[in-house]
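Geometric and topological summary
Each chain, letter by letter, is given below.
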Amino acid sequence: LDVDCLLPVPLHPRRYAERGFHQSAELARFAAGALALPVAPGLAVRRSDTRPQVGLGPADRHANLQGAFTAGQGPVRGRRIVIVDDVITTGSTVTELARALKQVGAATVDVWCVARATPAS
């Protein structure tokens, strides 16, 4: 694999407190163990507590996530990063996260997910 690390989609601390778990981090940890890759959750931060995407149309999902992520601690420049997410519907979350990573110099950003959903019309 031409990958340096796995990055679970960052979860806002309030959302983590509500759920009590971080599903993308659990998926990344499992994949990392199977593939002998590091998980680097600190590479990005969810800086805004966005409203849930469920029930939003594509344009609202995109607007909801604009500016939601920023680079965190750790080296991003030149790294080949894989974003790990549980479900992708419109791609707004991973697109915004990838944009933030590329903005600070990530060499490549790929996305792995468990399920691809179709947005409700």
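This report concerns the structure included in the present document. All of these numbers come straight from a predicted model, not from anything done at the bench.

Next up on the list: helix H4 (residues 92-103). With twelve residues, H4 should reach 16 Å at 1.5 Å per residue; the first-to-last C-alpha distance of 16 Å fits that figure. Within H4 the residues assigned to the buried category are Ser92, Thr93, Val94, Glu96, Leu97, Ala98, Ala100 and Leu101. After H4 finishes, the residue Gly105 shows a positive phi value of roughly 105°.

So, on to unusual backbone geometry. Positive phi outside glycine occurs at Ala36, with the angle close to 55°. Mapped onto the secondary structure, Ala36 falls in the loop between helix H2 (23-35) and strand S2 (44-46).

For the rest of this paragraph, the subject is the nonpolar core. Core analysis: the biggest nonpolar cluster contains 19 residues, and Leu7, Leu43, Ile81, Ile83, Leu97 and Leu101 have the highest contact counts within it. For this core, the element with the most residues is H4, which contributes five residues. Setting aside residues no more than four positions away along its own chain, Leu97 makes contact with Leu7, Val9, Pro10, Ala44, Phe69 and Ile83. Ala28, Ala31, Ala32 and Leu37 belong to the second-largest nonpolar core, a separate cluster that totals eight residues.

Glancing now at the pattern of salt bridges. Tallied over the full model, the rule gives five salt bridges. The residue Asp2 makes a salt bridge to Arg80 at a minimum N-O spacing of 2.2 Å. Linking Asp2 in the segment before strand S1 (5-8) with Arg80 in strand S4 (residues 80-88), this pair joins segments that are 78 residues apart in sequence. Residue Asp2 is classed as exposed on the basis of its relative accessible area, which comes to 54%. Note that Arg80 is salt-bridged to Asp4, the shortest N-O span being 2.5 Å. Taken as a pair, Arg80 in strand S4 and Asp4 in the segment before S1 lie far apart in primary sequence, 76 residues in all. Exposure remark for Arg80: the relative accessible area of 27% places this residue in the partly exposed category.

So, how was this worked out
Residues numbered from 1 in each chain as written. Predicted model: local features only at pLDDT ≥ 70, side-chain atom pairs only at ≥ 80, totals over all residues. Heavy atoms only, no water. Helix = DSSP H or I, 4+ residues; strand = E, 2+ residues; numbered from the N terminus. Expected span 1.5 Å × (residues − 1). Buried < 20%, exposed > 50% of the residue type's maximum accessible area, 1.4 Å probe, protein only. Core = buried A, V, L, I, M, F, W, Y, C linked by side-chain atoms within 4.5 Å. Contact = heavy atoms within 4.5 Å. Salt bridge = Lys/Arg side-chain N within 4 Å of Asp/Glu carboxyl O.

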